Amino acid sequence: MSSIKAVIFDIGGVVLASPLVALAAYEKEKGLPPNYLNCMIVGHGTQGAWQRFERGEIPLSEFYETFTRELSDVEAGNQWFSLYCRRKGIEDCPALPKSLQIDGRELFGRMMRESQRTDPIIQEAIHRIRAAGKHKIIALTNNYLMAEIPVSELSFLGWNARGAVSDQLKGLFDDFCESSVLGMRKPEPEIYLLTCRRNGIKPEEAVFLDDLGINLKAAKDLGIKTIRVKIGESHKAIAELEAMLGLVLQDRVDVQSKL
């Protein structure tokens, strides 16, 4: 019998499409190696513009300005990408830029608009988990404080007045844990522990689905079971979840059509 009492879903990259698709397209347009800008976002650590914005510490205007400046710092970017190549065992590191001018607002807007599409396989699985009535369904997402978003900017980002996630989508979850509201973000350990505490479960009684390895590692280190959702492979992730929960969460014909 499964010991899992709750299923925790990331939103962007799991329930909704991944903003990394837009990031990869932007890198290609700029003639940058794959993951170059992603390395820069991660490289700035906990005090980078992206991280501070997700914790609700800076307004959108400051985020745009700082994000633009950070991603245009080619010296830091080349260092971080070179480290990434060594870490991944990439012997022939691609040619790196000598100068770079990134428009932080344009990039962020593309990423947000890309991540408005719902993954039908994940959504169907959530409906079936709810229908079975055996597990809590929780969202754990890094997002942004709506009070800091000017109304005039909403259409550019593809958001509604309530934010990137509709009330209908939020209604699928028993609890919706947001970084910008909680003042902490994945992969900070405390946000996982708080998510468990406010839902009356122990970490080992939860399974967490996310698209980023760094977020999954932090959860796993706390005893939470994890499943990685790769772009275009949500059917495989749900198959893993089915095995953990002992539930049928997708039609077999849908699974076969993906193989």
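Reading the values: the criteria
Residues numbered from 1 in each chain as written. Predicted model: local features only at pLDDT ≥ 70, side-chain atom pairs only at ≥ 80, totals over all residues. Heavy atoms only, no water. Salt bridge = Lys/Arg side-chain N within 4 Å of Asp/Glu carboxyl O. Helix = DSSP H or I, 4+ residues; strand = E, 2+ residues; numbered from the N terminus. Axes fitted to C-alpha atoms, helices over the stretch in contact; angles between N-to-C directions. Parallel < 35°, antiparallel > 145°, perpendicular 65-115°, else oblique. Contact = heavy atoms within 4.5 Å. Nonpolar A, V, L, I, M, F, W, Y, C, P; charged D, E, K, R; others polar. Phe/Tyr/Trp six-rings, centres within 6.5 Å; stacked < 30°, edge-to-face > 60°. Buried < 20%, exposed > 50% of the residue type's maximum accessible area, 1.4 Å probe, protein only. Domains from an automatic or database assignment. Polar contact = N/O pair within 3.5 Å; in protein donor to acceptor, adjacent residues only side chain to side chain.

(A) Just the pattern of salt bridges, in detail. Under the counting rule described, the total for this entry stands at 20 salt bridges. Note that Glu106 is salt-bridged to Arg110, the shortest N-O span being 3.0 Å. One end of the pair is Glu106 and the other is Arg110, both in helix α6 (residues 104-114) and four residues apart, which spans about a single turn. Through salt bridges with shared partners, one network takes in Glu29, Glu106, Arg110 and Arg113.

(B) Just the packing of helix α4 (residues 60-71) against α6, in detail. At a closest axis distance of 8 Å, the pairing of α4 and α6 adopts a crossing angle of 105°. Taken together, the axes of α4 and α6 are roughly perpendicular relative to one another. Here Leu60, Phe63, Tyr64, Phe67, Thr68 and Leu71 of α4 come into contact with α6, specifically with Gly104, Arg105, Leu107 and Phe108. Class assignment of the residues belonging to the contact of α4 with α6 gives a composition of seven nonpolar, two polar and one charged.

(C) Structural view of the packing of aromatic side chains. Considering all chains together, one arrives at 19 aromatic pairs under this definition. Ring geometry for Trp50 and Phe67: centres 5.6 Å apart, planes at 45°, overall tilted. With Trp50 in helix α3 (residues 49-54) and Phe67 in helix α4, the pair connects residues that are 17 residues apart, well separated along the chain. For Trp50, a relative accessible area of 10% translates into the label buried. The exposure class of Phe67 is buried, given its relative accessible area of 1%. When the ring of Phe81 is compared with that of Tyr84, the centres are 5.4 Å apart and the planes differ by 35°; the resulting orientation is tilted. Here Tyr84 and Phe81 lie together in helix α5 (residues 74-88), a separation of three residues that amounts to about one turn. Exposure remark for Phe81: the relative accessible area of 2% places this residue in the buried category. Among the residues examined, Tyr84 registers a relative accessible area of 15% and is labelled buried.

(D) Structural context of the domain arrangement of the protein chain. Parsing the protein chain into structural domains produces domain 1 (6-17 + 116-245) and domain 2 (19-113). Between domain 1 and domain 2, the contact holds 25 residues from the first and 18 residues from the second. Linking domain 1 to domain 2 there are three salt bridges. Residues Arg55 and Glu188 are paired through a salt bridge, measuring 3.4 Å at the closest nitrogen-oxygen approach. Here domain 1 and domain 2 share 10 residue pairs in polar contact (both at pLDDT 80 or more) between them. Elements with a minimum of two residues in the side of domain 1 that touches domain 2: α8 (154-157) and α10 (179-182). Residue classes in the side of domain 1 that touches domain 2 are distributed as 11 nonpolar, nine polar and five charged.

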